[in-house]
Amino acid sequence: MPEYLVLLAPSSNRVYAGDAPAITAAEAEIVVSAVHLGGVVGASPTTVAGVPYLAVELADAVDPRILGGLAATFAVFEREGDLLRPVEARGGERFDDDLLTIPKYPGKTNEQLTRVLLNVTLASTDLPDRARRTVLDPLAGRGTTLSWALTLGHDAVGVEVERREVEAYSAFLTTWLRRKRLKHRIGLTPLRRDGRRLGDLLEAEIGRDDPQSLVLFAADTLATAELLQRRRVDVVVTDAPYGVAHGSRGVRGGRDRSPADLLADALPVWVSVLRPGGAVGIAWNTHGLSRADLVARCGRAGLEVCDDGPYRGFAHRVDAGIHRDLLVARKPR
Ligand SMILES: C[S@@+](CC[C@H](N)C(=O)[O-])C[C@H]1O[C@@H](n2cnc3c(N)ncnc32)[C@H](O)[C@@H]1O
């Protein structure tokens, strides 16, 4: 069985400390299984000439280029005895990575972690085969998930309650699109329905033929179904608020809603706009809400939680106050 060595980007050590190889191994198992069930025969950290790699053994039928799309992959090699043969393994990105790396602000979800969550959520859907999906981040902040969705060729929909976050993303994206000389249309306008002001709306179209679309509502996530009207999404990918700096705000006002309460109230709304067979991926701080509680809440919202094997391999420490985990669940068809 062919063995491949995945060289992880040095930045992955800063994101997950010592957990980067284990997290990438779990991601590989889920992403490869979506195209070839059981396609990852084994994955374990190894060192060659003093350099750490993740060694991945793939079933013969699996195209190793799939390893290039893992969030932390820097380079992939096939191991042939003592020699390493480079594998042409780009991750299918349409845009330069500075769309993800330039923005720096408090509360940003790390871009590698966001891609892991997007990768495993997309891989867990049970939808008809299509390269292009609609990705919703209903707690979008300044758009890390939305920018990844666009970079990987999907359409993006977001909801973010803080208008200044939407304005900041709008300003950044407008400058970035202009600077990259990409054909586009972008604008931030008030959103009214039936004479009522629902919030503001950032809309963009990118590309010449069959352009990709981005829509970001400056509004409360509990209004997602009303905002999207009849539009449906293929995946919901989101990083829940962690605490005071990014406290959650409900339509009933105030900052009195804990992240746990926000998730409990919002999950049924998000599920209502998700296509049957679509999937939800959530990153959250387990200090405020245990995995068992979130699993139960997803079950009550009508989701089937993917809770076995690699899906339990993502928990990691962020800092003294944050222990983060990822949960993926599917809407039955
Ligand atoms: C952890 S941050 C997400 C950061 C985002 N992934 C990024 O990289 O920019 C959580 C976001 O949820 C937003 N939020 C909190 N309560 C909300 C609500 N009720 N409706 C919509 N957004 C909300 C916060 O303003 C914050 O931007």
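Residues numbered from 1 in each chain as written. Predicted model: local features only at pLDDT ≥ 70, side-chain atom pairs only at ≥ 80, totals over all residues. Heavy atoms only, no water.

Enquirer: So, the packing of aromatic side chains: which residues are in play, and what are the values?
Expert: Counted by the stated rule, this structure contains 2 aromatic pairs. With 6.3 Å between their ring centres and 85 degrees between their planes, Y53 and F77 make a pair best called edge-to-face. Here F77 lies in strand β4 (residues 73–80) and Y53 lies in strand β3 (residues 51–58), a separation of 24 residues in the sequence. Residue Y53 is classed as buried on the basis of its relative accessible area, which comes to 10%. (Phe/Tyr/Trp six-rings, centres within 6.5 Å; stacked < 30°, edge-to-face > 60°. Helix = DSSP H or I, 4+ residues; strand = E, 2+ residues; numbered from the N terminus. Buried < 20%, exposed > 50% of the residue type's maximum accessible area, 1.4 Å probe, protein only.)

Enquirer: Can you tell me about the confidence of the model for the protein, naming the residues and giving the values?
Expert: Residues at a pLDDT of 70 or more form 96% of the protein, whose mean pLDDT is 93. Counting interchain partners and residues more than four positions distant, the pLDDT-below-50 stretch residues 244–255 has 29 contacts. (pLDDT = per-residue confidence, 0-100. Contact = heavy atoms within 4.5 Å.)

Enquirer: How would you summarise the sheet that holds strand β5 (residues 83–87) if you had to cite specific residues and measurements?
Expert: The sheet built from 5 strands is open, its strands ordered β2-β3-β1-β4-β5 with antiparallel pairing. Of all the strands in the sheet, just β2 (40–48) and β5 have a single pairing partner and so form its edges. Each neighbouring strand pair of the sheet contributes to a mean axis angle of 35 degrees, computed without reference to strand direction. Two strands pair when backbone bridges link them, and strand β1 (residues 3–8) and β4 are joined in this way by 5 bridges, in the antiparallel orientation. Note that in β4 the partner of L8 across the bridge is T73. The sheet strands contacting helix α2 (residues 20–35) are β1, β2 and β3, and the helix crosses β2 at an angle near 155 degrees. (Pairing = 2+ DSSP bridges. Axes fitted to C-alpha atoms, helices over the stretch in contact; angles between N-to-C directions.)

Enquirer: Can you explain the pairing of β3? Please cite residues and give values.
Expert: Pairing of β1 with β3, which is carried by 4 bridges, proceeds in the antiparallel orientation. Across the sheet, L5 pairs through a bridge with A55, a residue of β3. As defined by bridge partners, β2 adjoins β3 across 8 bridges and the pair is classed as antiparallel. If you follow G42 over to β3, its bridge partner there is E57. Between β2 and the antiparallel strand that follows it, β3, lie 2 residues; A49 among them carries a positive phi value of about 50 degrees.

Enquirer: Go over the pattern of salt bridges with me, naming the residues and quoting the values.
Expert: Using the criterion set out here, one finds 21 salt bridges in the structure. Taking the shortest distance from any N to any O, the salt bridge between R197 and D200 comes out at 2.8 Å. A network of salt bridges, in which partner residues are shared, links R163, E167, R197 and D200. (Salt bridge = Lys/Arg side-chain N within 4 Å of Asp/Glu carboxyl O.)

Enquirer: Explain the environment of E78 to me, using residue names and the numbers behind them.
Expert: Within the fold, E78 resides in strand β4. Separated by 128 residues in the primary sequence, E78 and I206 have C-alpha atoms spaced 36 Å apart. With residues near it in sequence (within four places) discarded, E78 still touches P2, E3, Y4, L83, L84, R85 and V87.

Enquirer: Let's hear about α2: which residues, and what values?
Expert: Along its 16 residues, α2 runs 23 Å from first to last C-alpha, staying within 8% of the 22 Å computed at 1.5 Å per residue. Every buried residue of α2 is listed here: A20, I23, T24, A25, A26, E27, A28, I30, V31 and V32. Among the structural elements, β1, α1 (11–16), β2, β3, α4 (111–123) and β14 (316–319) are those in contact with the buried residues of α2. (Expected span 1.5 Å × (residues − 1).)

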